[in-house]
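Structure assessment
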Amino acid sequence: MQEIKPAAIQQLLEEAAPYCEQGELASYIPELTKADPQHLGIYLVTSDGKAIGFGDYQVPFTIQSISKVASLLLALRLYSPEEVFSRVGMEPSGTPFSELSGFRDLADTPANPFINSGALAVASLLANKISFEEYRAFVAALCHKPQLIITESVYRSEMAHSERNHSLAWELKRMRLLSADVEETLDFYTKACSLSVTAQDLACFAAYLAGICQAQVDNSGSSPADQSQVDLSLDPEHQKICLSLMFTCGLYDGSGRFAVKAGLPAKSGVGGGILAILPGQAGIATFGPALDHNGNSIGGIKLLELLSEQNDWHCLG
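If you're wondering where the values come from, they're calculated on a predicted model, not measured in any experiment. (Residues numbered from 1 in each chain as written. Predicted model: local features only at pLDDT ≥ 70, side-chain atom pairs only at ≥ 80, totals over all residues. Heavy atoms only, no water.)

**Describing the pattern of salt bridges**
In this structure the tally under the stated criterion is 6 salt bridges. Residues arginine 174 and glutamate 171 are paired through a salt bridge, measuring 2.7 Å at the closest nitrogen-oxygen approach. With a gap of 3 residues between them, arginine 174 and glutamate 171 both fall in helix H7 (residues 163-174), about one helical turn apart. On the basis of relative accessible area, glutamate 171 is assigned to the partly exposed category, the value being 23%. As a salt-bridge pair, lysine 191 and aspartate 187 come within 3.1 Å of each other at their nearest N and O atoms. Residue lysine 191 and its partner aspartate 187 are located together in helix H8 (residues 182-193), separated by 4 residues, close to a single helical turn. (Salt bridge = Lys/Arg side-chain N within 4 Å of Asp/Glu carboxyl O. Helix = DSSP H or I, 4+ residues; strand = E, 2+ residues; numbered from the N terminus. Buried < 20%, exposed > 50% of the residue type's maximum accessible area, 1.4 Å probe, protein only.)

**Overview of empty space enclosed by the protein**
With the rule as written, the count across this model stands at 3 cavities of 30 Å³ or more. Of the volumes computed, that of the largest cavity is approximately 60 Å³. Around the largest cavity, the lining residues are Leu73, Arg77, Phe138, Tyr208, Asp231, Ser233, Leu234, Asp235 and His238. A per-class count over the lining of the largest cavity returns 4 nonpolar, 2 polar and 3 charged. Approximately 50 Å³ is the volume attributed to the second largest cavity. (1 Å grid on protein atoms, 1.4 Å probe; cavity = no way out; pocket = protein on both sides within 12 Å on 5 of 7 lines; lining within 4 Å. Points joined across faces, edges and corners; volume = space filled by probe spheres on them. Nonpolar A, V, L, I, M, F, W, Y, C, P; charged D, E, K, R; others polar.)

**Observations concerning the environment of threonine 46**
Relative to the helices and strands, threonine 46 is located in strand S1 (residues 41-46). Placed 157 residues apart in sequence, threonine 46 and alanine 203 show a C-alpha to C-alpha distance of 9.6 Å. In terms of polar contacts, threonine 46 uses its side chain to reach the side chain of aspartate 48, at 2.3 Å. (Polar contact = N/O pair within 3.5 Å; in protein donor to acceptor, adjacent residues only side chain to side chain.)

Next comes the structure, spelled out in structure tokens:
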């Protein structure tokens, strides 16, 4: 991998920062409107063992939909790709992530695991087999963050304004796609979205997905749960599935443009995070809570596009 030049990345951060003024905070979850829309940061972990951050990379925020990648990874491990994808598809939805139309006309499953309906189906599979504490331990290991906490204020705010997700969950129940009951599924899913992380934490997760960093189990007794029931190895088939879906579906209706401009598998969350992977070479995470009209960090998108262009990181050359 070519050398990362700190001065060059700092310059890109400064170039991307003004774009934050064009974005808006996620108002449908009231607690998220308390974020500072001017925050922007990036953290990188590379295959040569270097790790470096710029800007607001240590500011905590909730993981939100980036948790859907961890959920899919764990569901593939606990079940099988065949069983998981009997309940959720692999196609871009062409609709906003929370829409009921994500089920698609004449389809018998949600379009993909990264829209809310698909993520609820996956969360229900997990809730049927493991406790949330085991799930939290898995995500903690991926992020190298033993003390991974739920941001209770965001969790309560999301649960109090979850009418759309309730509708999706009941439709999934009608379609017989839930493995756990409606309330248990919704609680598991919302807690997963409310986990508190930083860009630095997510870069470790990205490096794991890139295949350059192992999950890190804490043996000091401070892990949130017993790790023994959670396999932390990265199965190459599961890696391929997740990166492929991130490339085609990870940024909702902005996925196609980002694939053309940056060419990196990525997953966003309305908390402002973006997870991006340069397979075999780097794990990258950005944070910027000001969102574009698709629900993606507007500053983070611009920063990743500039970074990919500068370093010729497009996966397709």
